[in-house]
Protein chains: 2
Amino acid sequence: MNTEFFTRRATVRAYDKEKELTDAELESLIYAASHAPTLGNMQLYSVVVSREPEAVARLAKLHLGQPAAANCSALLTICADIRRFGKWCSARDAKSGLDNLGGWFMAITDAAIFGQQFVTAAEMNGLGCCYLGSLSYNVDGFKEALGIPEGVLPLYSISVGYPQGEVPAPADRLPLEGIMHRERYSDYSDADIDRIYGPKEALPSSAQFIAENGKETLAQVFADVRYPESLIKSIAAAISPIINK
Amino acid sequence: MNTEFFTRRATVRAYDKEKELTDAELESLIYAASHAPTLGNMQLYSVVVSREPEAVARLAKLHLGQPAAANCSALLTICADIRRFGKWCSARDAKSGLDNLGGWFMAITDAAIFGQQFVTAAEMNGLGCCYLGSLSYNVDGFKEALGIPEGVLPLYSISVGYPQGEVPAPADRLPLEGIMHRERYSDYSDADIDRIYGPKEALPSSAQFIAENGKETLAQVFADVRYPESLIKSIAAAISPIINK
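In this text the structure is predicted, and so the values were computed from the model without any measurement.

Engineer: Any chance you could explain the relation of the copies chain A and chain B here in plain terms?
Structural biologist: Copy one and copy two of the chain differ by a rotation about a common axis and a shift along it. When chain A is fitted onto chain B, the two copies agree to an RMSD of 0.0 Å after a turn of 180° and an axial shift of 0.0 Å. What we have between these two chains is a two-fold relation.

This is the structure:
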């Protein structure tokens, strides 16, 4: 199996402002991505493309000022979308049954598959991308900024552009045994956890994260600082009224 | 932009039983896929690989007997997984804040990105894949069959194998204007819906689906027959107690 492209790819957060993607190039990548699989051939997603400098600057601010958003060639906001399908049904004497958690689950999945296919198509053409999950911290702000109506849930943005300088080294990943189970789910013992997370914990960057954040373990950096329960619950509070119906 | 691979790919449901994927090949594809992006570098997913003929046959039955599941070289069940991260936290004096809808949203997204990267890596190596969303119709059955514990939600399976015969033609897709919005979400008028869905409705296969199902419109086939509200609500009922906490 030739997997070199996949194991070497990396998130790119700094873009070359001298080398812009044309609208036609961007559209060909989005169209290519729309040929990705879906869960039921309903294409329950939409993408809002931001290219105007003021618009990108406004969204970058909503993304907590992340440089990847501010300096990209285009910012794509990936949305789960049950609205278009519902409108099609209404116009054709049918009634969509998707406006409940089951339909939103399908839409969130379709959107993620589509978004990742865009990223792969872009990266294979020498571009760099970065997922911006910070959208979830302010769903209403993005809905307002992008004019997103009921039946459409913005999930995250993807910034894209030609990399500035070298593409970074790939992010660290758990070993295969950390994510793969043969025939049955094999639950993790304490020894498994030590073995699976050991290499990640031993990285020099991990010691740095721990020190910078005044913590004792890398898990504390993730659980207390980056993704504390209060933040994750605020995401739940923002999306729950939309998808739980 | 070179996008030919993406626009020509198609779902493959019939596999060559004379040409099996080795375990090492399969594992190299899964490992490659694990280098896909994530929303927060927590890799909130797991995959259970089924290869033993009796196990695959049992799962194929749970997948309503779909031939793609029964005849594949391997069946991968993609799971959102907040359990492993939670165990890591517990072992390191940290408390995971992910066991609520916000954390499950991140996990469902990480899992979908990972699954799609597997599909792309497999397809680029001459394999064919098919998403089996029918898992959602019987979440408890799959949990039991695969020994999946609390904190892990099986989402769908992906069947993989070498294509039998020619790779099918790509599935029909909405035109670009159907899924892409420039700068702001541009809501769909009735005329837009006609234009966007017209080519799909005009396919010979659509007339066939309508006739076979005794319906008047293609939208009715999707909304009444394939994805009726009762089915979609049963998915909601199965996953809601797990992800809404």
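Engineer: Would you explain the pattern of salt bridges in this entry?
Structural biologist: Any two side chains of opposite charge can pair if their charged atoms end up close together. For the structure on display, the rule yields 36 salt bridges over all chains. Between Arg182 of chain B and Glu27 of chain A there is a salt bridge, with the nearest N and O atoms lying 2.8 Å from each other. Linking Arg182 of chain B in strand 5 (residues 180–182) with Glu27 of chain A in helix 2 (residues 23–33), this pair reaches from one chain into another. Residue Arg182 of chain B is classed as exposed on the basis of its relative accessible area, which comes to 54%. Note that Asp99 of chain B is salt-bridged to Lys245 of chain B, the shortest N-O span being 3.7 Å.

Engineer: Any chance you could explain the side chain of Ser96 of chain B here in plain terms?
Structural biologist: Along the polypeptide, Ser96 of chain B turns up in the loop between helix 5 (83–91) and helix 6 (101–124). Reaching out from Ser96 of chain B, the side chain makes a polar contact with the backbone nitrogen of Leu98 of chain B at a distance of 3.2 Å. Beyond its immediate chain neighbours, meaning those up to four positions away, Ser96 of chain B contacts Ala223 of chain A together with Phe85, Gly86 and Cys89 of chain B.

Engineer: Would you explain the confidence of the model for chain A in this entry?
Structural biologist: A low pLDDT score tells you not to read the predicted coordinates there in detail. For chain A, the mean per-residue pLDDT works out to 97, and 100% of the residues sit at or above 70. In the model output, the complex is listed with pTM 0.98 alongside ipTM 0.98.

Engineer: What is the right way to look at the sheet that holds strand 3 (residues 128–132) of chain A in this model?
Structural biologist: Sheets are built from strands that pair by backbone hydrogen bonding, the pairs being arranged parallel or antiparallel. Pairing within the open sheet is mixed, and its 5 strands lie in the order 3(A)-4(A)-2(A)-1(A)-5(B). Either end of the sheet is taken by a strand with one partner, and the two such strands are strand 3 of chain A together with strand 5 of chain B. Within the sheet, the average angular offset between the axes of one strand and its neighbour, ignoring direction, is 25°. Pairing analysis gives 5 bridges linking strand 3 of chain A to strand 4 (residues 152–161) of chain A, with the strands arranged antiparallel. Each residue of the ladder has a partner; that of Cys130 of chain A, found in strand 4 of chain A, is Ser159 of chain A. On top of the sheet, helix 6 (residues 101–124) of chain A reaches strand 1 (45–50), strand 2 (74–81), strand 3 and strand 4 of chain A; it is set at about 5° to strand 4 of chain A, its chief contact.

What counts and what doesn't
Residues numbered from 1 in each chain as written. Chains lettered and ligands numbered in written order. Predicted model: local features only at pLDDT ≥ 70, side-chain atom pairs only at ≥ 80, totals over all residues. Heavy atoms only, no water. Least-squares fit on C-alpha atoms with pLDDT ≥ 70 in both. Salt bridge = Lys/Arg side-chain N within 4 Å of Asp/Glu carboxyl O. Helix = DSSP H or I, 4+ residues; strand = E, 2+ residues; numbered from the N terminus. Buried < 20%, exposed > 50% of the residue type's maximum accessible area, 1.4 Å probe, protein only. Polar contact = N/O pair within 3.5 Å; in protein donor to acceptor, adjacent residues only side chain to side chain. Contact = heavy atoms within 4.5 Å. pLDDT = per-residue confidence, 0-100. Pairing = 2+ DSSP bridges. Axes fitted to C-alpha atoms, helices over the stretch in contact; angles between N-to-C directions.

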